[in-house]
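# Survey of secondary and tertiary structure
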Amino acid sequence: MENVNFFLRYAGILFVLSLLTLFFVEAGTLEFKVTAVSAAISFLTSAVCIWIMIRDEKKL
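What this report covers is the structure whose coordinates are included nearby.

Conventions and cut-offs
Residues numbered from 1 in each chain as written. Predicted model: local features only at pLDDT ≥ 70, side-chain atom pairs only at ≥ 80, totals over all residues. Heavy atoms only, no water. Salt bridge = Lys/Arg side-chain N within 4 Å of Asp/Glu carboxyl O. Phe/Tyr/Trp six-rings, centres within 6.5 Å; stacked < 30°, edge-to-face > 60°. Buried < 20%, exposed > 50% of the residue type's maximum accessible area, 1.4 Å probe, protein only. Helix = DSSP H or I, 4+ residues; strand = E, 2+ residues; numbered from the N terminus. Patch = residues over 30% accessible without salt bridge, like charges linked within 9 Å, V, L, I, M, F, W, Y side chains within 5 Å. Areas by Shrake-Rupley, 256 points an atom, 1.4 Å probe, with all protein chains shown as cover.

What follows is about the pattern of salt bridges. Summed over the entire model, instances satisfying the criterion amount to 1 salt bridge. Two residues, R55 and D56, come together in a salt bridge whose shortest N-O distance is 3.7 Å.

Here it is, written out as structure tokens:
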């Protein structure tokens, strides 16, 4: 469970930083697209980590 907490923490930090960065780059540029993809991937990683944590708690 420690590994899941590690990934959840850093995926959450990356998601917040990506969202903040989206406000500072121009829409339509390659930087914007890369940052949006990064935000999406980190959000999905966070969601999977939360799902794994909930699933493991139900087994206990």
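From this point on, the discussion continues.
Here we come to the packing of aromatic side chains. Inspection of the entire model under this criterion finds 3 aromatic pairs. Aromatic pair F6 and F7: ring centres 5.6 Å apart, planes at 75°, arrangement edge-to-face. Here F7 falls in the partly exposed class, since its relative accessible area comes to 48%. Ring centres of F15 and F43 lie 5.6 Å apart, and the angle between their planes is 45°; this geometry places the pair in the tilted category. Remark: F43 occurs in helix 2 (residues 30–59) and F15 occurs in helix 1 (residues 2–22); sequence separation between them is 28 residues. A relative accessible area of 46% means that F43 is categorised as partly exposed. The structure contains a cluster of three or more aromatic residues connected by ring pairs, namely F6, F7 and Y10.

Taken together, the side chains of F6, F7, Y10, I13, V16, L17, L20, F23 and F24 make up a nonpolar region of the molecular surface, amounting to roughly 1000 Å² of accessible area. In this structure, F24 sits in the loop between helix 1 and helix 2.

This is a description of form; function is not addressed.
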